Amino acid sequence: LADAAEENVGVQEVDVEALWKQQIRQKAESLGLSSIMHSESDRGNCCMIGGGILYVGDSTKGFKVRQIGEDFVKLEWEPRGDEMRFGGQSGNVEVILRLSD
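Everything in this summary refers to the structure shown in the same document.

Rules used in this analysis
Residues numbered from 1 in each chain as written. Predicted model: local features only at pLDDT ≥ 70, side-chain atom pairs only at ≥ 80, totals over all residues. Heavy atoms only, no water. Helix = DSSP H or I, 4+ residues; strand = E, 2+ residues; numbered from the N terminus. Areas by Shrake-Rupley, 256 points an atom, 1.4 Å probe, with all protein chains shown as cover. Salt bridge = Lys/Arg side-chain N within 4 Å of Asp/Glu carboxyl O. Pairing = 2+ DSSP bridges. Axes fitted to C-alpha atoms, helices over the stretch in contact; angles between N-to-C directions. Core = buried A, V, L, I, M, F, W, Y, C linked by side-chain atoms within 4.5 Å. Buried < 20%, exposed > 50% of the residue type's maximum accessible area, 1.4 Å probe, protein only. Contact = heavy atoms within 4.5 Å. Expected span 1.5 Å × (residues − 1). Arc of directions from axis to C-beta.

Some remarks on the overall build of the protein chain
Part 1 of the argument: Helix and strand counts for the protein chain come out as 2 helices and 7 strands.
Part 2 of the argument: Carbon and sulfur atoms make up 46% of the accessible area of the protein chain, which totals about 6800 Å².

Dropping the structure here:
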């Protein structure tokens, strides 16, 4: 009986943190990177995500813009209060959005 119980313990193990990070990435990808505008301004390049114009340091829907490249934007998940999971371990989830060809 003890052997049967031990067998069932590992059968349905789910990596909940990996699942949560996958959901964060899907949320970022659903924002939709429309364009990247190259600028000589003090604020540097900007991008259009979800209809809004964003610069490095700006936030949208729980993500902060960390880098704007030639054809990509790097976002970082910024969990707030009720969005915190796993003791804050999910706070360092980075997502790279790329322009479509």
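There's plenty left to go through after this.
Points about the pattern of salt bridges
Part 1 of the argument: According to the stated counting rule, one finds 6 salt bridges in the structure shown.
Part 2 of the argument: As a salt-bridge pair, Asp58 and Arg43 come within 3.2 Å of each other at their nearest N and O atoms. Highlighted residues: Asp58 in the loop between strand S3 (52-55) and strand S4 (59-60) and Arg43 in the loop between strand S1 (33-37) and strand S2 (46-49), separated in sequence by 15 residues.
Part 3 of the argument: Between Lys64 and Glu78 there is a salt bridge, with the nearest N and O atoms lying 3.7 Å from each other.

Things to note about the sheet that holds S3
Part 1 of the argument: Spatially, the 3 strands line up as an open sheet ordered S1-S2-S3, and their pairing is antiparallel. Whereas interior strands pair on both sides, the edge strands pair on one side only; in this sheet they are S1 and S3. On average, each strand axis in the sheet is inclined to that of its neighbour by 25°, with strand direction left out of account.
Part 2 of the argument: Taken together, the 4 bridges between S2 and S3 define a ladder with antiparallel strand orientation. What sits directly across from Cys47, in S3, is Leu54.

Some remarks on the nonpolar core
Part 1 of the argument: Membership of the largest hydrophobic core comes to 18 residues, with the highest contact counts inside it found for Leu33, Cys47, Ile49, Phe63, Val73 and Leu75.
Part 2 of the argument: Apart from residues no more than four positions distant in its own chain, Ile49 is found in contact with Leu31, Gly32, Leu33, Leu54, Val73, Leu75 and Leu97.

Comments concerning the side chain of Thr60
Part 1 of the argument: By the secondary structure assignment, Thr60 is in strand S4.
Part 2 of the argument: We classify Thr60 as buried; its relative accessible area is 16%.
Part 3 of the argument: Those residues in contact with Thr60 that lie beyond four places of it in its chain are Leu31 and Leu54.

Some points on helix H2 (residues 16-29)
Note that an α-helix has 3.6 residues per turn; residues three or four places apart therefore point the same way.
Part 1 of the argument: The end-to-end C-alpha separation of H2 is 20 Å, in line with the 20 Å expected for 14 residues at 1.5 Å each.
Part 2 of the argument: For H2, the full list of buried residues reads Glu17, Trp20, Ile24 and Ala28. Viewed along the axis of H2, the buried residues span an arc of 80°, placing them on a single side of the element.
Part 3 of the argument: Residues of H2 that are buried make contact with strand S5 (63-68), strand S6 (72-77) and strand S7 (94-98).

What to know about the sheet that holds S6
Part 1 of the argument: If you walk across this open sheet you meet the 4 strands as S4-S5-S6-S7, and the pairing is antiparallel. Every other strand in the sheet has two partners, leaving S4 and S7 as the edge strands with one partner each.
Part 2 of the argument: Most of the contacts of H2 go to S7, to which it runs at about 30°, and overall it touches S5, S6 and S7.

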